[in-house]
Protein chains: 2
Amino acid sequence: MKDLNSIRYPDDIKGMSIDELTVLSEELRAVLLKKLSVCGGHAGPNLGVVEATVALHYVFDAPTDKIVFDVSHQSYIHKMLTGRINAFTDPAHYNDVTGYTCPRESEYDLFEVGHTSTSIAMSIGLAEARNLKKGNENVVAFIGDASLGGGEALEGLAYAPSLKSNLIVILNDNQKSIADNHGALYDHLEILRQSNGQAANNIFKALGYQYIYVGEGNDMKSLVNAFSAAKDADHAVLVHINTMKGEGLPAAEADKERFHYTAPFDLKTGAPRVYDESVDYTDIFADHMLTKIRDNKNVAVLTAGTPGAIGFSPERRDEAGRNFIDTGICEQSAVSIVAGLAKGGCRPVMGVMATFIQRSYDQLSQDLSINDLPGVIVDFAGSVWGISDVTHLGFFDIAMASNIPNLIFLAPANAEEYVAMIDWAIEQTDHPVFIRTPGGPVEHYDGHVNDNFLEYDIVEKGKDGVAIIAAGSFLRLAKEASDILRANGVEMTIINPRILSSLDKNCLDSLRDYRQIITIEDGIVDGGFGQKVAAYMGAYGVRVDVLGLKKEFLDRYDAEKVLVDNGLTPTQIAEIAMDK
Amino acid sequence: MKDLNSIRYPDDIKGMSIDELTVLSEELRAVLLKKLSVCGGHAGPNLGVVEATVALHYVFDAPTDKIVFDVSHQSYIHKMLTGRINAFTDPAHYNDVTGYTCPRESEYDLFEVGHTSTSIAMSIGLAEARNLKKGNENVVAFIGDASLGGGEALEGLAYAPSLKSNLIVILNDNQKSIADNHGALYDHLEILRQSNGQAANNIFKALGYQYIYVGEGNDMKSLVNAFSAAKDADHAVLVHINTMKGEGLPAAEADKERFHYTAPFDLKTGAPRVYDESVDYTDIFADHMLTKIRDNKNVAVLTAGTPGAIGFSPERRDEAGRNFIDTGICEQSAVSIVAGLAKGGCRPVMGVMATFIQRSYDQLSQDLSINDLPGVIVDFAGSVWGISDVTHLGFFDIAMASNIPNLIFLAPANAEEYVAMIDWAIEQTDHPVFIRTPGGPVEHYDGHVNDNFLEYDIVEKGKDGVAIIAAGSFLRLAKEASDILRANGVEMTIINPRILSSLDKNCLDSLRDYRQIITIEDGIVDGGFGQKVAAYMGAYGVRVDVLGLKKEFLDRYDAEKVLVDNGLTPTQIAEIAMDK
């Protein structure tokens, strides 16, 4: 047996026996567990595919053979076997690698991926490129752990065999999604597992795949045999492997939902190292929605496969009962289902991560907004204080959604405004409403919430001809900037616009004599709210400074540094206002 | 037999015999054919579903039972049976109805729909609403004619049986897409047809549907029996009907692609009434791409099921051979396949309607732009002179795509610039490029095309402190406005920005002393290019007038009237420039 640190690249495992590969897998799992316990991460998914990843690199010849990891949150072991073991064995280097495949790190990583269900289509592209270039490498899509049910995955699945050339889909069936699986497809996978792959009406065979079932998806010999049988096929093959999510960590095997993505934990007990008992916006949302459901049985809450991200813990889901609908990771369908529920007389509210709602642009526009149906979308982590992975950025949502006609885009600045907007959105029946959950820590407001949300709210009236219009959670920055200005003898007008999809022209017209307007928003400036203000006031020649985030893809950034880089600290804002 | 004009609502056909329903179908078909020959429209799709639609309304009880038409381009017969026969029998009223379901017309139309693959998800929403309200009506999704392969349809298909309640999918399998079918799913449908629905490995049975096959999908008795068997089921049923696209018009049965959507034609021969021999931008694109393919075997052209809309006639497809890829109506996969092809070293160019590329927002952002892969997207009908149906509007593309980081969004103003941009986009390997095909008639430019497309092009330098920055096909309007101004003694600077995703700050800085800048773009102003200019110049207090289309959903509009309404005629533009 080689020393783990001598395993640098897949070539280093090619000569091993099955037993040695099995031992190696255990060693890799132990190293992974240690890092996970310190750093957190996608524990369950990666623990479940240790053997499969070792077998993958044992059988296939990357980087010549092309391996595409769907979502790529299951690529930790792949990284360990492709030149990056150090980032797992050495705590000083834990942070050297991202949590997803990353071509900047390694040629073994083909794409930066973090949204689900794209691997088969990308593999079709790689296979078509190979065919045009008359190459003969294998193309492998590694998919599963919730991502198969997404529409794009199904498109690829329903297309690939017609290429009549090599394309291998490895379906990691760990019997779970992020939370529970939902939908008939997953019922079918269960039938396949129960029949050891022998069920009549096999969906993969129906589509023309050579189908290989591996009942013991954590057994090295079974995996190596299956992958070897698929390798170099001149047609499409689907290898269905039945794995244990969280394998090797009893707590993760027992509570798969909690360990899908976990914070640092105690290696022996699995208990979280830090208990965060504070209430955040997901709690506020979920608890409030439970009261709405209690009051009105026509209210329905939807998630597209991420109930935890919107506060709907298993307990809250139980309480909501049939009024909580999990569509699986099918964001497109989820929005169309919202349209159907609204048309059917219900009051649907879909909670969704800002980074994922962009998968439904067309449904937001066509099904909800053209039809002008009163569905409500509440997005989370749409903020510089959201998720900092490049594939999960949330600060594009204003530009994405606020320019769709009919859709009312609201950005509350605090918890009270947030809840009032949800109530208002459910109450009205005129339009679809998109509510952006504030970023950062929960802010409270103890005054009266003016619920005419189509008009701007003047928070403070200043006398010095300078106004700041500060959207959502950036209202706090505006207030701090105002304090600095006041200390310098300048009294600024502070406006909370609340609505970002249209302008309050009466309010803006009242500012025509101002010497300066500053807009500030917790999102990219391009396509955002400030540019609308600038365009409106531009015709009057009023100076408008539009502040917000630069249009760029950031990765694993520090939010406070990004604010500085974009001139968004209170001090910097105050300086702009004093630059007469 | 009743007189056709006495058929107002479904109740009027409930008592009929099968023979009477058959006769009625022939009468409806004759009326439809006459209107189609005069007005054009979705001929093949509707001719194929005459019997199915009559059977649908005979068996089910709309509007209590909910019928959702996918894409809803096959709803002509439905309209004839639900209070709108007059719009088909009386030429004076031909224009009274839209080409899609339209709730403003009738309570029998549930949704305004024009994009594919949403019907099952919408039906899930209606079914869930029914279940929450403890209703017992049937919910029917009528899908097919190309739309089943789209990801959202597959999401719905893979989910619905898990509801364990009534939901009926009628799959109209006419063996065609808009053009040919592509992909393994359609190979499977063929196997089902050939086996009279008896094939092993039935994908629908695999997913848990009660599956009913109707081999004679234009035979009334078979249809009535099948729909009656599905009606009131307490579970999900899929009725697979094998129909003849274009039934009853020999020319349409023979050339299904041409008659999918047709211009007016001679009722006897099927020959078009008007031959348009002029070259349009789709011809320019397709012919140019064929030369690229001839020169470089790594160039691939892609379409997501609409080859005709990008100029790829059957003949041109034959010429392109393997370098032309039709993914079927799977816009999401198509963009990810572009990413895969680019990663695999090919030079992919996807042609797509502007209204449909919005189905790929997430893939444009994640797969292409985060990965910064040199895939090229060329969109068509992204213009006020595009398609005027509310579900097919093209003028949201600037707002949708130009705010995505890394993606270079180009708007050529004429054919020569267009071709040069395509060449440039294929040549460079730094970024994804989005090229917006000009709207309106083909314009030519006989000068040298400056191909530094990241900088603005100064078309004319004026001396009077007024500049107009006119994007894409609106450059023509700017030139005409400039002529008016010149006649009034004002010399305007005219700038063609070409790039809409970033600003040429050097050029804009040179305008800081101007008294006025006008921007004009062939798209909505919100989220568009002019607002970026206004925001940049706003900090200098320069007056900027941002012209373009209002953010709104228009339906079957007159383009020239819309230009007037938005102040976009040359005269109106000139007036703004003279409003000192």
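Quick caveat, the model's predicted, so the values are computed rather than measured.

## Points about the interface of chain A and chain B
(1) Moving on: Every contact between the two is made by 99 residues of chain A and, on the other side, 99 residues of chain B.
(2) Moving on: Counting residues per element, the side of chain A that touches chain B draws most heavily on helix 6 (residues 119-132) of chain A, which supplies ten residues.
(3) Moving on: Looking at the side of chain A that touches chain B residue by residue, the classes come out as 42 nonpolar, 37 polar and 20 charged.

## Considerations on the relation of the copies chain A and chain B
(1) Moving on: Superposition record for chain A on chain B: RMSD 0.0 Å, screw rotation 180 degrees, translation along axis 0.0 Å. Here the transformation between the copies is reduced to the relation of a two-fold axis.
(2) Moving on: Mapped onto chain B, 100% of the interface residues of chain A again fall at the interface, so both copies present the same surface.

## Details of helix 19 (residues 475-487) of chain A
All names here are of chain A.
(1) Moving on: Taking 1.5 Å as the rise per residue, helix 19 with 13 residues should run 18 Å; its terminal C-alpha atoms sit 19 Å apart, in good agreement.
(2) Moving on: Within helix 19, burial applies to L475, L477, A478, A481, S482 and L485. For helix 19, the angular spread of buried residues about the axis comes to 150 degrees, placing them on one side.
(3) Moving on: Buried positions along helix 19 lie against strand 12 (457-460), strand 13 (466-470), strand 14 (493-496), strand 15 (516-524) and helix 23 (570-578).
(4) Moving on: Residue G489 follows helix 19 closely and has a positive phi angle near 85 degrees.

## Structural notes on the nonpolar core
(1) Moving on: The biggest cluster of nonpolar side chains holds 392 residues, and the ones touching the most others in it are V239 and I520 of chain A together with V239 and I520 of chain B.
(2) Moving on: When neighbours within four sequence positions are excluded, I520 of chain B is seen to be in contact with I468, A470, A471, F474, L477, A478, L547, G548, L568 and I573 of chain B.

## A closer look at the sheet that holds strand 6 (residues 299-303) of chain B
Sheets are built from strands paired through backbone hydrogen bonds, the pairs being either parallel or antiparallel.
Residues and elements named next belong to chain B.
(1) Moving on: The strand order across the open sheet formed by six strands is 7-6-8-9-11-10, and the pairing between neighbours is parallel. The sheet terminates laterally at strand 7 (324-326) and strand 10 (408-410), the two strands that pair on one side only. Pairwise comparison of adjacent strand axes, ignoring direction, gives a mean angle of 20 degrees for this sheet.
(2) Moving on: Taken strand by strand, helix 18 (residues 415-427) contacts strand 6, strand 8 (347-353), strand 9 (376-380), strand 10 and strand 11 (433-436), and its axis lies near 170 degrees from that of strand 11.

## Overview of the pairing of strand 15 (residues 516-524) of chain B
Residues and elements named next belong to chain B.
(1) Moving on: Counting buried residues along strand 15, nine of its nine residues qualify, which places the element largely inside the surrounding structure.
(2) Moving on: Taken together, the five bridges between strand 15 and strand 16 (residues 544-549) define a ladder with parallel strand orientation. Looking at the pairing, T519 lines up with V546 of strand 16.
(3) Moving on: In this fold, the crossover linking strand 15 to strand 16 by way of helix 21 (residues 529-538) has right-handed handedness.

## Some points on the domain arrangement of chain A
All names here are of chain A.
(1) Moving on: For chain A, the assigned domains read domain 1 (4-254), domain 2 (281-419 + 427-436) and domain 3 (457-578).
(2) Moving on: If you average the C-alpha positions of domain 2 and of domain 3, the two centres end up 27 Å apart.
(3) Moving on: Each partner contributes to the interface: domain 2 provides 22 residues, whereas domain 3 provides 26 residues.
(4) Moving on: Among the elements of the structure, helix 17 (397-401) and strand 10 (408-410) are those that each provide at least two residues to the side of domain 2 that touches domain 3.
(5) Moving on: Of the residues in the side of domain 2 that touches domain 3, the class split is 15 nonpolar, four polar and three charged.

## Some points on the sheet that holds strand 13 of chain A
Residue and element names in this part refer to chain A.
(1) Moving on: Within the open sheet, the five strands sit side by side as 12-14-13-15-16. Their pairing is mixed. At either end of the open sheet lies a strand with only one pairing partner, and these are strand 12 and strand 16 (544-549). Taken pair by pair, the neighbouring strands of this sheet meet at an average axis angle of 25 degrees, ignoring direction.
(2) Moving on: Pairing analysis gives five bridges linking strand 13 to strand 15, with the strands arranged parallel. Counterpart to A470 in the pairing with strand 15 is I520.
(3) Moving on: Along the sheet, helix 21 (residues 529-538) contacts strand 13, strand 15 and strand 16; its crossing angle with strand 16, the most-contacted strand, is approximately 170 degrees.
(4) Moving on: Along the sheet, helix 23 contacts strand 13, strand 15 and strand 16; its crossing angle with strand 15, the most-contacted strand, is approximately 150 degrees.

## Side note on the packing of helix 1 (residues 18-39) of chain A against helix 3 (residues 50-59) of chain A
Residues and elements named next belong to chain A.
(1) Moving on: Between helix 1 and helix 3, whose axes approach to 9 Å, the crossing angle comes to 130 degrees. The pairing of helix 1 with helix 3 is recorded here as oblique in orientation. Between helix 1 and helix 3 the crossing geometry is right-handed. Of the residues in helix 3, those in contact with L21, L24, S25, L28 and R29 of helix 1 are V50, E51, V54 and Y58.
(2) Moving on: Partitioning the contact of helix 1 with helix 3 into residue classes produces six nonpolar, one polar and two charged.

## Focus on the pairing of strand 5 (residues 236-242) of chain B
Each regular strand displays side chains that alternate between the two surfaces of the sheet.
All names here are of chain B.
(1) Moving on: With respect to burial, strand 5 is a largely interior element, seven of its seven residues being buried.
(2) Moving on: Along strand 5, one buried face is formed by A236, L238, H240 and N242 and the opposite face, lined by V237, V239 and I241, is buried too.
(3) Moving on: Two strands pair when backbone bridges link them, and strand 3 (residues 167-173) and strand 5 are joined in this way by seven bridges, in the parallel orientation. Bridge pairing in strand 5 links N172 to I241.
(4) Moving on: As judged from the five bridges shared by strand 4 (residues 210-214) and strand 5, these two strands associate in the parallel manner. Its bridge partner being in strand 5, Y213 is matched across the sheet by H240.
(5) Moving on: Viewed along the sheet, the connection from strand 4 through helix 10 (residues 220-230) into strand 5 turns out right-handed.

## Here we look at the confidence of the model for chain A
(1) Moving on: In the predicted model, chain A carries a mean pLDDT of 96, and the fraction of residues at 70 or more is 99%.
(2) Moving on: With pTM at 0.97, the complex prediction returns an ipTM value of 0.97.

## Quick word on unusual backbone geometry
(1) Moving on: Note that the residue after A62 of chain A, namely P63 of chain A, is joined by a cis bond; omega there is 5 degrees.
(2) Moving on: We note that S72 of chain A has phi near 65 degrees; this positive angle belongs to a residue other than glycine.
(3) Moving on: Locating S72 of chain A in the fold gives a position in the loop between strand 1 (66-69) and helix 4 (76-80).
(4) Moving on: The phi dihedral of A146 of chain B is positive, around 95 degrees, even though this residue is not glycine.
(5) Moving on: Residue placement: A146 of chain B occurs in the loop between strand 2 (139-144) and helix 7 (151-157).

What counts as what
Counting restarts for each chain, with residues numbered from 1 along the sequence as it is written. Here every chain gets a letter starting at A, and every ligand a number starting at 1, in the order they are written. For this predicted model, a pLDDT threshold of at least 70 governs which residues receive local features, and a threshold of 80 or more governs which side-chain atom pairs are given and counted, while totals over whole chains, interfaces and linings are taken from all residues. Contacts here follow a simple rule: the backbone-placed C-beta atoms of the two residues must lie within 7 Å. A run of H or I in DSSP becomes a helix once it reaches four residues, and a run of E becomes a strand once it reaches two; helices and strands are each numbered from the N terminus. Gly is put with the polar residues, along with every residue not named as nonpolar or charged; the nonpolar set is Ala, Val, Leu, Ile, Met, Phe, Trp, Tyr, Cys and Pro, and the charged set is Asp, Glu, Lys and Arg. Here the copies are superposed with least squares, the fitted atoms being C-alpha atoms of residues at a pLDDT of at least 70 in both. Take the number of residues in a helix, subtract one, and multiply by 1.5 Å to get its expected span. Partly exposed residues are those falling between the two cut-offs: more than 12 but fewer than 20 other C-beta atoms within 10 Å of their own, whereas 20 or more means buried and 12 or fewer means exposed, with C-beta atoms placed from the backbone. Think of it as the arc spanned by the lines of direction from the helix axis to the C-beta atoms. Core membership is restricted to buried Ala, Val, Leu, Ile, Met, Phe, Trp, Tyr and Cys residues, and these are joined into a nonpolar core through C-beta atoms within 7 Å. Two strands form a pair only when DSSP identifies at least two bridges running between them. Fitted lines through C-alpha atoms give the axes, limited to the stretch in contact for helices. The angle between two N-to-C directions lies from 0 to 180 degrees. With the strands aimed away from the viewer, a crossover counts as right-handed if its path from the first strand over the helix to the second runs clockwise. Domain segmentation is taken from an automatic or database assignment of domains. Under this scheme an angle from 65 to 115 degrees is roughly perpendicular, one under 35 degrees roughly parallel, and one over 145 degrees roughly antiparallel; angles in between are oblique. Should the near helix be turned anticlockwise from the far one by less than a right angle, the crossing is termed left-handed; should it be turned clockwise, right-handed. Confidence scores per residue from the predictor, reported as pLDDT, run from 0 to 100.

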